[in-house]
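Residues per chain, in single letters:
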Amino acid sequence: MTGEKDLHTLLATMHPVRRDGEFVYVLWPHGKPLAGGIAAAVREAEGLTVVMLRADADGLGLSYDFVAAWITLEVHSSLEAVGLTAAVGAALTEAKISCNVLAGFHHDHLLVPVADAERALEVLHELAEDSGQQRPVPAPALELRTEQPADRPAILALTAAAFAVSPVTGLPVEGEPEEVGLLRRLFDCEEYLPEFSVVAELDGEVVGHVISTRGWVGELELLGLGPIGVVPRLQRHGIGTALMNETMARANAAGERGIALLGSPEYYSRFGFVPSTTLGVEPPESAWHGHFQLLPLAVWPGGVSGTFRYAGPFTG
Ligand SMILES: CC(C)(COP(=O)(O)OP(=O)(O)OC[C@H]1O[C@@H](n2cnc3c(N)ncnc32)[C@H](O)[C@@H]1OP(=O)(O)O)[C@@H](O)C(=O)NCCC(=O)NCCS
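Since the model is a prediction, treat every value here as computed from it, not as a measurement.

Procedures and definitions
Residues numbered from 1 in each chain as written. Predicted model: local features only at pLDDT ≥ 70, side-chain atom pairs only at ≥ 80, totals over all residues. Heavy atoms only, no water. Near = heavy atom within 4 Å. Polar contact = N/O pair within 3.5 Å; in protein donor to acceptor, adjacent residues only side chain to side chain. Areas by Shrake-Rupley, 256 points an atom, 1.4 Å probe, with all protein chains shown as cover. Helix = DSSP H or I, 4+ residues; strand = E, 2+ residues; numbered from the N terminus. Nonpolar A, V, L, I, M, F, W, Y, C, P; charged D, E, K, R; others polar. Domains from an automatic or database assignment. Axes fitted to C-alpha atoms, helices over the stretch in contact; angles between N-to-C directions. Parallel < 35°, antiparallel > 145°, perpendicular 65-115°, else oblique. Left-handed = near helix turned anticlockwise from the far one by under 90°. Contact = heavy atoms within 4.5 Å. Patch = residues over 30% accessible without salt bridge, like charges linked within 9 Å, V, L, I, M, F, W, Y side chains within 5 Å. Salt bridge = Lys/Arg side-chain N within 4 Å of Asp/Glu carboxyl O. Lys, Arg positive; Asp, Glu negative; His and termini not counted. Charge placed at Lys NZ, Arg CZ, Asp CG, Glu CD.

Student: What is the right way to look at the site of the ligand in this model?
Tutor: Around the ligand, the surrounding shell holds 19 residues, and the nearest of these are Val230, Arg236, Gly238, Gly240 and Thr241. Taking Gly238, its main chain carries an N or O atom lying 2.6 Å from an oxygen atom of the ligand. Interatomic distance of 2.4 Å between a side-chain N/O atom of Thr241 and an oxygen atom of the ligand. In isolation the ligand offers 870 Å² of accessible surface; the protein chains occlude 72% of this area. When contributions to the shell around the ligand are tallied by element, the ones reaching two or more residues are strand S11 (220-230), helix H7 (239-253) and helix H8 (265-268). Its residues placed into classes, the shell around the ligand shows nine nonpolar, eight polar and two charged.

In structure tokens form, the structure reads like this:
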């Protein structure tokens, strides 16, 4: 289904346009072949209702009561859009203008009494203008920046919240999740690399964090990524992706060779991570096979062979 669905956008961008002529609702005589310029029709058990130009109805000798002006709301509204006709109907009701609504595939159409046509157009133009002025303030931008010492309590708190349910078992964790203690130790270890502890800040609040610390395969220096966490209420809004992209950009800029991590292949493969063994790197624990992944960066040397070794706090 195409077409605009956002009510604010629909209202602010609708152009009410009046069709030429006057239109009437006619109850089509049973058995009479259809004729004249029929603009809309509704079949009901009681018979066929037709909306047509008044001149055509007069020419065919058909009777009618309601004589209407036809106003088309020129915006491509989705048939799934919620609230457009309600908002338009409410504005016209307030102006004491009666209105019949017809929805076509592309637009909504209003049939208002001919005498009220000009006023109805004014009301609709005002509604569009007001909606344009009341547009919601744009969502605050996500800022990705290097962690500062003052961020630590917020980082530990969000990590505790993010890992309150174990990503491995899917069950609630009793007490403090182990990732919180790990993070505390990583902040203080020799392998801590300040520029690879990145926070995501939204409207002044630290809402996500990722850390990568020095790791090795033999003498080859690599990055070991993790933990990564996003506050639960904002998960699945792209913050984790932004943190991953920022880490990869920083790593490439710093001439790092590759990034290793333990996690869901389904999630990390989208960033180019592959099972580490395909690049000659064994996981620190053989049971991690398949979940231990590596991203070779621009200067990945090739010919690498050995077992990945994380920063001390991962094992201690
Ligand atoms: C994992 C986490 C950091 C991802 O951050 P996020 O901001 O929620 O993720 P994004 O919005 O950038 O990406 C969402 C996408 O990743 C997928 N995804 C998120 N977590 C996933 C997981 N553990 N496994 C598989 N896919 C996952 C979502 O299905 C979604 O896919 P879609 O875009 O196709 O719908 C975050 O969900 C989190 O903190 N989770 C709890 C802690 C955790 O599991 N950390 C990682 C341990 S390896």
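That was the structure; now back to the text.
Student: Looking at this model, I keep getting lost on the domain arrangement of the protein. Mind explaining?
Tutor: Think of interface size as the accessible area that goes away when the parts come together; that is how it is often given. Splitting the protein by domain gives domain 1 (7-133) and domain 2 (142-315). For domain 1 and domain 2, the distance between their C-alpha centroids amounts to 58 Å.

Student: Just to check I follow, could you spell out the packing of helix H5 (residues 152-162) against helix H6 (residues 178-188) for this structure?
Tutor: For any two helices packed against each other, the geometry is given by the interaxial angle and the distance between the axes. It is at 9 Å that the axes of H5 and H6 come closest, and there the two elements cross at 150°. As the angle between them shows, H5 and H6 are arranged roughly antiparallel. H5 and H6 meet at a crossing whose hand is right-handed. For the pair H5 and H6, the contacting residues are Arg152, Ile155, Leu156, Thr159 and Ala160 in the first and Glu179, Val180, Leu183, Arg184 and Phe187 in the second. Of the residues in the contact of H5 with H6, the class split is six nonpolar, one polar and three charged.

Student: Before we go on, may I ask you to explain a negative patch on the surface in this structure?
Tutor: Taken together, the side chains of Glu118, Glu122, Glu126, Glu129 and Asp130 present a region of like negative charge at the surface. Relative to the helices and strands, Glu122 is located in helix H4 (residues 117-133).

Student: Explanation requested: the environment of Trp300 in the structure shown.
Tutor: With respect to the helices, strands and loops of the structure, Trp300 is situated in the loop between strand S15 (292-296) and strand S16 (306-309). When the C-alpha positions of Trp300 and Arg257 are compared, they lie 4.6 Å apart, and in sequence the two are 43 residues distant. Not counting chain neighbours up to four residues away, the residues in contact with Trp300 comprise Leu220, Leu222, Arg257, Gly258, Leu279, Val281 and Leu294.

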